[in-house]
Amino acid sequence: QMLVWRAGWTPATVLWPLLGFALVSAGLWRRLATMRHCGFALLGLALLVASIAMLSPSQPEPFLFPGEDKLWHLLTFAVLGFLADAGWPEKGFVPAKYLPLCTYGVGIEILQNYIPNRQFGLDDLVADGAGLLLYAVLILPLLKRWQIR
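Residues numbered from 1 in each chain as written. Predicted model: local features only at pLDDT ≥ 70, side-chain atom pairs only at ≥ 80, totals over all residues. Heavy atoms only, no water.

On to the overall build of the protein. Counting secondary structure elements, the protein contains seven helices and zero strands. Starting at the N terminus and ending at the C terminus, the protein contains elements arranged as α-α-α-α-α-α-α. Excluding contacts between residues fewer than 6 apart, the proportion of contacts in the protein whose partners are at least 24 apart in sequence is 73%. For the protein, the accessible surface area stands at approximately 8,600 Å², while carbon and sulfur atoms represent 70% of it. (Helix = DSSP H or I, 4+ residues; strand = E, 2+ residues; numbered from the N terminus. Contact = heavy atoms within 4.5 Å. Areas by Shrake-Rupley, 256 points an atom, 1.4 Å probe, with all protein chains shown as cover.)

Here it is, written out as structure tokens:
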């Protein structure tokens, strides 16, 4: 987290889309299917870093464009959906995978209400759900078409 702040980037959620695309492009999806514990570990690490980023007191920063915060929520939850799906490859993207992530998003938003410079936002919850939907409707079919999943 300190390295991310020193580099002047938006919180660590910037890294999660890159992690997801790196996993796909490096062909690690199939390896995660055989090394289930690795998939669990990556999901756990992603949840830990996302929690730190979303629950850290932030200083109001000017956004590069309106809605930038929502874009980071969307991308973060698309990658979390990918990692949850990779952790349990024998099943499809079933409710047992995405409902805990939805609950996690609600929990994060509730906790943000008690953190300085953070607030509960229904629009953030919508962006979180849209990220999971993006994975399920757009990314997962592409992975199947390219025979990665």
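On the surface, Val 106, Ile 110, Tyr 114, Phe 120 and Leu 122 cluster together to form a nonpolar patch covering roughly 520 Å² of accessible area. Note that Tyr 114 resides in the loop between helix H6 (95-112) and helix H7 (122-145). Owing to a relative accessible area of 67%, Tyr 114 belongs among the exposed residues under this scheme. (Patch = residues over 30% accessible without salt bridge, like charges linked within 9 Å, V, L, I, M, F, W, Y side chains within 5 Å. Salt bridge = Lys/Arg side-chain N within 4 Å of Asp/Glu carboxyl O. Buried < 20%, exposed > 50% of the residue type's maximum accessible area, 1.4 Å probe, protein only.)

Turning our eyes to something else, we now look at the pattern of salt bridges. Two side chains that carry opposite charge are able to pair once their charged atoms sit near each other. Scanning the model with the defined rule gives four salt bridges in all. Salt-bridge contacts for Asp 69 lead to Lys 70; the nearest nitrogen and oxygen are separated by 2.9 Å. Residue Lys 70 is joined to Asp 124 by a salt bridge in which the shortest nitrogen-to-oxygen separation is 2.8 Å. A residue pair is termed long-range when its members are at least 10 positions apart, and Lys 70 in helix H5 (residues 68-87) and Asp 124 in helix H7 qualify at 54 residues. With a relative accessible area of 25%, Lys 70 lands in the partly exposed category.

This structure, assessed with the given rule, holds four aromatic pairs. Arranged with centres 5.6 Å apart and planes meeting at 40 degrees, the rings of Phe 93 and Tyr 98 form a pair that is tilted. Given the relative accessible area of 16%, Phe 93 is considered buried. In this structure an aromatic cluster arises from ring pairing among Phe 82, Phe 93, Tyr 98 and Tyr 135. (Phe/Tyr/Trp six-rings, centres within 6.5 Å; stacked < 30°, edge-to-face > 60°.)

Core analysis: the biggest nonpolar cluster contains 19 residues, and Phe 77, Leu 80, Leu 83, Tyr 104 and Tyr 135 have the highest contact counts within it. The set of elements that each furnish at least two residues to this core consists of helix H4 (36-55), H5, H6 and H7. Among the elements that make up this core, the one with the highest residue count is H5 (six residues). (Core = buried A, V, L, I, M, F, W, Y, C linked by side-chain atoms within 4.5 Å.)

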